[in-house]
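Listed below, chain by chain, are the residues.
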Amino acid sequence: MNPERWHKMDELFHSALELKPGERGVFLANACPGDLELRREVDSMLRHHDLANSFIESPVYEDIAETILADDHSDDLLGQTLGQYELLSVVGKGGMGVVYLAFDVELRRKVALKFLHDDLLGDSQRVQRFKQEARAASALNHPNILTIHQVGAVQGRQFIATEFVEGETLREIMKRRRLSIAEAVGMAMQITPALAAAHAADIIHRDIKPENVMVRTDGYIKVLDFGIAKLLEPASTDSNLSTLINTAEGTIIGTVQYMSPEQARGLEVDGRTDVWSVGVMLYEMITGEPPFSGDTKSDTVVAILEREPKPLTKLTAAAPAALEFIISKALQKEVTQRYQSANDLLADLRQFQEQPKAELNEPALATGARRLSQSGTRQPGRQTLAGVPAGSTSSAEYIVSEIQQHKRGAAIVLLIIAVAVIGLVVWLSKLGARNQVAPYPSTMGMNKLTASGKVKSAAISPDGKYIAYVLAEGNAGSFWLRQVGTTSDIQIAPPGDFGLLTFSPDGSYLYYKNFFNDLYQIPSIGGARKLVLKQVDSPVTFSPDGRQFAFVRDQIAGDDNALMIANADGTGERKLVTRKGPEGLVHDGPAWSPDGRIIVCAEGGTDVDGDFMKLTAFPTDGGREESILTDRSLGIGRLVWLRDGSGLVMLANERSSQSSQLKFISYPGGTVRNITNDLNGYDDVSISADASSLVSIQRMAFSTVLVTDSGDIGRMRVVTSAGGDYGNLAWAADDKLLYDSNAGGSWDIWSVGTKGSDRKQLTLNAGSNAESSASADGRYIVFVSNRTGTTNLWRMNLDGGDTRQLTNGGNDEFPSLSPDSQWIVFVRKSSYSGKASLWRVSINGGEAIQLTDNAVGRPAVSPDGKLIACSYQNEPGREWRVAIMPFSGGKPIKLLEIPAHPFWDAPGVKWSPDGRAITYHLKRDGIDNIWSQPISGGNPMQLTHFESDDVISFAWSRAGELAISHGTETGDIVLLKNFR
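Residues numbered from 1 in each chain as written. Predicted model: local features only at pLDDT ≥ 70, side-chain atom pairs only at ≥ 80, totals over all residues. Heavy atoms only, no water.

Participant: Hey, could you run me through the overall build of the protein in this one?
Facilitator: Within the protein, the secondary structure is distributed over 17 helices and 59 strands. Across the 980 residues in the protein, those meeting the buried criterion constitute 57%. Within the protein, counting contacts between residues at least 6 apart in sequence, those at least 24 apart form 48% of the total. With an accessible surface of roughly 40,100 Å², the protein has 49% of that area assigned to carbon and sulfur atoms. (Helix = DSSP H or I, 4+ residues; strand = E, 2+ residues; numbered from the N terminus. Buried < 20%, exposed > 50% of the residue type's maximum accessible area, 1.4 Å probe, protein only. Contact = heavy atoms within 4.5 Å. Areas by Shrake-Rupley, 256 points an atom, 1.4 Å probe, with all protein chains shown as cover.)

Given below as structure tokens:
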């Protein structure tokens with residue numbers, strides 16, 4: 001919208017206001033001859049004025065706040081117990097209500113209790129908005145969204161009970177000081193995924209501002225106040241969200257300073273409106289002033305619609321050009337040119353955060369950025385990729401003009417300009433790399449069906465009408481069934497063992513294997529489970545007629561594994577093919593072709609050129625095998641055939657990323673193309689019989705790193721901003737930590753000071769690098785890398801230099817160093833069969849020594865170097881325990897009653913600094929904490945007392961400090977259409 005048109009609308013609007021309502025139509029008809037769009041815009045403004053009695057509707061409480069607060073009796077309730085809540089103190093007041101700190105006497109926890117003012121109980125609209133806030137937020141389950149415990153009424157008073165957040169609002173922090181760039185970006189990286197979760201549930205917040213962002217004392221963000229949230233196209237009228245207030249087009253609602261142009265004009269909004277608000281907040285956090293302002297609300301709206309904000313670098317000289325690009329893209333007035341989703345914004349914020357500081361803060365780059373958009377007014381829709389307005393003076397032109405005036409040193413400055421431009425182009429090329437290859441087929445649609453973040457497995461019924469899924473509940477999982485197109489779920493099995501789900505071809509049964517590889521069958525509509533077969537080491541795949549299924553069985557004899565076929569009831573099992581080391585069949589699942597003639601299965605192995613994976617077609621009649629694909633760059637997971645036999649959908653990851661994407665491989669050609677290609681990870685894949693619908697689990701990880709303050713486990717300080725994925729913590733020194741991160745698109749090792757400074761990427765452009773461990777003498781970092789094609793142990797100096805390969809066996813993992821810095825204990829997997837054993841090698845490399853032949857998990861060498869603790873399994877199918885064995889190897893000398901997780905990605909066990917106890921993570925009631933078990937016996941002791949989220953990783957320093965990566969990995973069902 002150009003300025004002249006906006007002034008015309010404003011003039012007509014105020015002229016029409018002076019007329020009686022019945023006269024306005026004739027006036028507008030005469031004033032807008034032939035311009036129906038102009039009349040519609042002014043009509044929209046007038047309709048809203050009649051609804052809200054002001055040009056811009058204030059936040060929900062402002063229009064009545066003065067009246068309510070003038071007659072405030074909130075303190076009268078202190079000390080009283082209403083229902084199960086004892087009111088302790090007043091923590092906030094507003095026009096809508098009062099917020100109390102209360103104590104839940106039944107669940108023995110502190111809560112925040114928000115009561116609607118008595119004066120508003122007769123106002124149905126206010127009561128409805130009050131309830132809407134609770135319903136909108138309670139429909140969302142995300143670590144950065146305030147948790148709603150209960151909504152209801154007690155003694156005639158409407159209330160919302162939420163988690164109690166100790167901290168302050170972002171506005172309170174911004175009043176005291178201007179935030180650093182790192183702080184602002186870190187906060188935006190927590191706010192953005194919360195909004196992405198809301199948008200996935202079709203909820204638009206519409207009032208994102210610093211007052212609605214709570215910052216906990218540990219730096220964790222909570223998004224508040226969904227009181228004016230908008231529900232987009234509810235899927236079903238029986239949804240518990242169907243009572244959300246849906247303001248009609250033409251209604252302007254929100255807080256004016258943070259409104260998007262479409263919101264200020266009363267037009268339809270979507271998730272891009274919240275993206276704009278985040279851009280406004282990010283600008284304000286960094287510069288200390290809002291990008292759009294005016295003396296009145298109308299003036300502010302004019303600024304939003306007409307004007308461009310001051311260049312970021314004019315207000316903050318240290319701001320990198322890359323950050324200005326991100327904020328500028330978030331604040332594009334035309335929605336089609338803005339970030340199209342909160343996840344897109346988050347992806348660029350992540351990439352920005354992980355850029356080396358030298359690249360971001362290069363003086364020349366900052367100087368060039370300082371000139372961006374400095375001359376000329378940017379026109380909507382004409383901004384170039386680099387953020388420079390079309391037709392305006394570029395940063396290079398501006399500096400060159402200065403050089404002409406100050407010729408001394410011109411050659412040096414021109415060189416700096418060249419470096420700056422190259423640096424910016426390189427960064428932007430990285431930023432846009434995801435768009436060079438279409439991440440999805442152009443017609444594909446993806447819809448997130450759940451927002452709990454707790455889905456572990458999902459399968460779609462052959463007719464495409466139902467989705468069965470497993471919902472994690474503590475260390476167990478419950479089975480649910482949802483009808484596609486509704487939000488109606490029914491539980492078909494109580495919490496218990498869970499594994500990957502497979503529908504029988506007729507849709508009557510679900511098959512799954514538990515932790516101990518026992519295959520079970522349950523009716524798809526619910527009922528008792530039935531044991532079908534033991535030692536099933538992969539998901540099953542059914543023959544087209546449903547009479548048989550195929551699976552992989554490991555450790556047939558030594559390292560051998562086999563592709564097996566059995567009847568649907570578990571009888572009549574037989575081997576179709578056997579593999580002997582060094583190659584093995586991958587146990588992520590075979591796939592039976594629609595014509596019943598072949599079963600395709602992934603294989604893995606190691607040859608002179610390194611690790612490889614391949615897809616092989618095995619004829620069911622025992623005929624000649626056929627190779628479909630051989631690839632050294634992909635790790636291949638679960639497979640599913642398309643019904644027409646034209647190819648398969650597979651989960652696969654690039655060796656450097658380790659995050660699986662959905663891919664299609666043609667048959668028999670073996671051509672691979674992407675279905676998804678984004679920063680998320682995907683687990684599980686299931687396709688309806690007509691191949692019209694595909695179901696997968698989309699995974700995202702969010703965490704922050706905490707360190708004990710002065711050795712006090714009860715006091716933790718924040719090292720990194722939440723929002724990243726900080727895995728496998730290790731101490732490099734008393735004041736430095738190591739961690740793994742895939743923020744740059746591949747897994748690499750980083751270091752960071754315990755005060756959050758001196759972040760440095762230690763590995764780069766060398767495959768996947770992870771699982772670092774530092775030597776006690778401070779000389780080396782030992783880590784796992786597949787840079788040469790095989791997964792081996794490597795060594796480098798603390799600064800990342802002088803890398804050296806230590807092992808050559810292939811599939812080596814989880815190094816733990818002895819305290820004398822001479823030995824490395826690690827796990828070696830034998831081919832891809834899954835069998836793992838414990839080994840030891842010198843810090844200088846050489847021949848490795850096998851310590852045990854049993855299946856083991858992450859090892860940890862004791863502080864005195866005499867013992868090794870690890871997860872341990874006596875025999876296949878038996879329970880996993882924590883074993884303590886001699887450093888020299890052999891049988892365990894003690895098995896501890898500690899629940900050892902059988903999955904490889906668990907945080908593992910650690911020795912306490914004094915060597916007298918084993919520390920481990922344990923989830924109770926869905927909450928993860930760290931516990932300690934004395935090796936001499938006795939009761940375990942809980943060390944941490946988190947009230948939400950998971951322990952991703954933890955590590956003890958030699959001085960007794962504890963570092964914890966604390967956060968969550970979400971998993972939700974996505975439904976893909978037109979994915980072929």
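Having seen the structure, we can now continue with the description.
Participant: What is the right way to read the nonpolar core from this model?
Facilitator: Here is a general trend for soluble globular proteins: nonpolar side chains tend to be buried in one another's company. Residues L170, L282 and L323 are the most contacted members of the largest nonpolar core, which totals 55 residues. Looking at which element gives the most residues to this core, the answer is helix 7 (residues 181-200), with 10 residues. When near neighbours in sequence (up to four residues on either side) are disregarded, L323 contacts I181, V185, L282, I286, L312 and F352. Membership of the second largest hydrophobic core comes to 18 residues, among which are V600, A602, A617 and L648. (Core = buried A, V, L, I, M, F, W, Y, C linked by side-chain atoms within 4.5 Å.)

Participant: Hey, could you run me through the confidence of the model for the protein in this one?
Facilitator: Regions with low pLDDT carry predicted coordinates that are not meant to be interpreted in detail. Per-residue pLDDT for the protein has a mean of 76; in total, 74% of the residues score no lower than 70. For the stretch residues 50-72, pLDDT sits under 50, and the model shows 50 contacts to residues farther than four places along the chain or on other chains. Under a pLDDT of 50 for its full length, residues 227-254 has, in the predicted model, 92 contacts with residues more than four places off or in other chains. (pLDDT = per-residue confidence, 0-100.)

Participant: Can you help me understand unusual backbone geometry in this one?
Facilitator: Only a minority of non-glycine residues have a phi that is not negative, and only a minority of peptide bonds are not trans. Residues Y667 and P668 are joined by a peptide bond in cis, for which omega reads 10°. One non-glycine residue with positive phi stands out, namely Q535, at about 50°. Relative to the elements of secondary structure, Q535 occurs in the loop between strand 20 (530-533) and strand 21 (541-542). Using a relative accessible area of 30% as the deciding quantity, one classes Q535 as partly exposed.

Participant: Sorry, what's going on with the sheet that holds strand 46 (residues 823-829) here?
Facilitator: Hydrogen bonding along the main chain pairs the strands of a sheet, whether they run parallel or antiparallel. One open sheet accounts for four strands, arranged 45-46-47-48; its pairing is antiparallel. At either margin of the open sheet sits one strand with a lone partner, and together these are strand 45 (812-817) and strand 48 (849-852). Between one strand axis and the next, the sheet turns through 30° on average, direction left out of account. Examined bridge by bridge, strand 47 (residues 836-842) and strand 48 share three bridges and lie antiparallel to one another. Looking at strand 48, one finds that R840 is bridged to I849. (Pairing = 2+ DSSP bridges. Axes fitted to C-alpha atoms, helices over the stretch in contact; angles between N-to-C directions.)

Participant: Any chance you could explain the packing of aromatic side chains here in plain terms?
Facilitator: The final tally for this structure, using the stated rule, is 10 aromatic pairs. With a centroid separation of 5.8 Å and an interplanar angle of 20°, the aromatic rings of Y512 and Y520 are classed as stacked. Here the two residues Y512 and Y520 agree in accessibility, since each one is buried. Geometrically, the ring pair formed by W641 and Y667 is edge-to-face, given 5.3 Å between the ring centres and 80° between the ring planes. Within this pair, whereas W641 is found in strand 30 (residues 634-641), its partner Y667 is found in the loop between strand 32 (661-666) and strand 33 (672-674), the two being separated by 26 residues in sequence. Residue classification places W641 among the buried positions, given a relative accessible area of 9%. On the basis of relative accessibility, which here comes to 22%, the residue Y667 falls in the partly exposed class. (Phe/Tyr/Trp six-rings, centres within 6.5 Å; stacked < 30°, edge-to-face > 60°.)

Participant: Just to check I follow, could you spell out the environment of V540 for this structure?
Facilitator: Mapping V540 onto the fold places it in the loop between strand 20 and strand 21. Along the chain, V540 and F503 lie 37 residues apart, while their C-alpha atoms are 9.6 Å from each other. Once residues lying within four places of it in the same chain are set aside, the contact partners of V540 are T502, Y511, L519, F549, A550, F551 and R638.

Participant: Which parts of the structure should I look at to understand the packing of helix 7 against helix 9 (residues 271-287)?
Facilitator: Angle between the axes and distance between the axes: these two values describe a pair of packed helices. The interhelical angle for the contact between helix 7 and helix 9, taken along N-to-C directions, is 165°, at an axis separation of 10 Å. With respect to helix 9, the element helix 7 is oriented roughly antiparallel. Helix-helix and strand crossings are classified by hand; for helix 7 and helix 9 the assignment is right-handed. Across from I181, A184, V185, M187, A188, I191, T192, L195 and H199 in helix 7, the residues of helix 9 making contact are G271, D274, V278, M281, L282, M285 and I286. (Parallel < 35°, antiparallel > 145°, perpendicular 65-115°, else oblique. Left-handed = near helix turned anticlockwise from the far one by under 90°.)

Participant: Just checking my understanding: could you explain the pairing of strand 6 (residues 157-163) for this structure?
Facilitator: Regular strands have side chains that alternate between both faces of the sheet. The buried fraction of strand 6 amounts to six of the seven residues, a majority that puts the element mostly inside the structure. Relative to strand 6, strand 5 (residues 148-154) is paired through six bridges, and the arrangement is antiparallel. Residue pairing for strand 6: A153 is matched across the bridge by Q158.

Participant: Please clarify how the sheet that holds strand 56 (residues 927-934) should be interpreted in this entry.
Facilitator: Within the open sheet, the four strands sit side by side as 54-55-56-57. Their pairing is antiparallel. Each of the sheet's edge strands pairs with one partner strand only, and the pair in question is strand 54 (910-911) and strand 57 (941-942). Pairing analysis gives two bridges linking strand 56 to strand 57, with the strands arranged antiparallel. For S932, the partnering residue across the bridge sits in strand 57 and is M941.

Participant: Looking at this model, I keep getting lost on the pairing of strand 24 (residues 574-579). Mind explaining?
Facilitator: In terms of strand pairing, strand 23 (residues 561-567) meets strand 24 through five bridges, oriented antiparallel. Note that in strand 24 the partner of N561 across the bridge is R579. Between strand 23 and strand 24, which pair antiparallel in sequence order, lie six residues; one of them, G570, sits at a positive phi of approximately 95°.

Participant: Whenever I open this one, helix 7 confuses me. Can you help?
Facilitator: Residues separated by three or four positions in an α-helix point in the same direction, a consequence of the helix having 3.6 residues per turn. The end-to-end C-alpha distance of helix 7, which contains 20 residues, comes to 28 Å, matching closely the 28 Å that a straight helix rising 1.5 Å per residue would cover. Burial analysis of helix 7 places 18 of its 20 residues in the buried class, the great majority of the element. Where helix 7 terminates, the next one or two residues include D202, which has phi positive at roughly 65°. (Expected span 1.5 Å × (residues − 1).)

Participant: Teacher, can you tell me more about the pattern of salt bridges here?
Facilitator: A full pass over the atoms with the stated rule returns 20 salt bridges. With its nearest N and O atoms 2.4 Å apart, the salt bridge here joins R579 to E603. Of the two residues, R579 sits in strand 24 while E603 sits in strand 27 (residues 598-607), which places them 24 residues apart along the sequence. One exposure class covers both R579 and E603, and it is buried. With a shortest N-O distance of 2.5 Å, D684 and R638 are connected by a salt bridge. Taken together, the residues D684 in strand 34 (residues 681-687) and R638 in strand 30 connect sequence positions 46 residues apart. (Salt bridge = Lys/Arg side-chain N within 4 Å of Asp/Glu carboxyl O.)

Participant: I'm lost on the environment of Q761 in this one. Help?
Facilitator: With respect to the helices, strands and loops of the structure, Q761 is situated in strand 40 (residues 760-761). Spatially, the C-alpha atoms of Q761 and S751 are 6.5 Å apart, while their sequence positions differ by 10 residues. Within polar-contact distance, the side chain of Q761 engages the side chain of D748 at 3.5 Å. At 2.9 Å, the side chain of Q761 and the backbone oxygen of T763 are in polar contact. (Polar contact = N/O pair within 3.5 Å; in protein donor to acceptor, adjacent residues only side chain to side chain.)

Participant: Explanation requested: empty space enclosed by the protein in the structure shown.
Facilitator: Picture a little ball the size of a water molecule; that probe, rolled over the atoms, points out where space is still empty. Across all of its chains, the model carries seven cavities of 30 Å³ or more by this definition. There is about 100 Å³ of room inside the second largest cavity. Lining the second largest cavity are 12 residues, with H142, A197, K448, T970 and D972 sitting closest to its centre. Elements with a minimum of two residues in the lining of the second largest cavity: helix 7, strand 35 (693-709) and strand 59 (962-977). With three residues, the top contributor of residues to the lining of the second largest cavity is helix 7. Residues of the lining of the second largest cavity, tallied by class, amount to six nonpolar, four polar and two charged. (1 Å grid on protein atoms, 1.4 Å probe; cavity = no way out; pocket = protein on both sides within 12 Å on 5 of 7 lines; lining within 4 Å. Points joined across faces, edges and corners; volume = space filled by probe spheres on them. Nonpolar A, V, L, I, M, F, W, Y, C, P; charged D, E, K, R; others polar.)

Participant: Please explain the side chain of N929 as it appears in this structure.
Facilitator: Mapping N929 onto the fold places it in strand 56. A relative accessible area of 5% places N929 in the buried class. A polar atom in the side chain of N929 sits 2.7 Å from the backbone nitrogen of F946. Aside from chain neighbours lying at most four places away, what touches N929 is Y920, H921, L922, Q942, T944, H945, F946 and V951.

Participant: Would you explain the packing of helix 7 against helix 13 (residues 342-353) in this entry?
Facilitator: Contact geometry for helix 7 and helix 13: axes closest at 9 Å, N-to-C directions at 155°. Classified by the interaxial angle, the pair formed by helix 7 and helix 13 is roughly antiparallel. Where helix 7 crosses over helix 13, the handedness of that crossing is left-handed. On helix 13, the residues that touch I181, V185, G186, A188, M189, T192, P193, L195, A196 and H199 of helix 7 are A342, N343, L345, L346, L349, R350, F352 and Q353.

Participant: When you look at the environment of M174 in this model, what are you seeing that I'm missing?
Facilitator: Position of M174 relative to the elements: it lies in helix 6 (residues 170-176). Here the alpha-carbon distance between M174 and P210, two residues 36 residues apart in the chain, equals 8.3 Å. The contact partners of M174, leaving out residues within four places of it in the chain, are L179, P210, E284 and M285.

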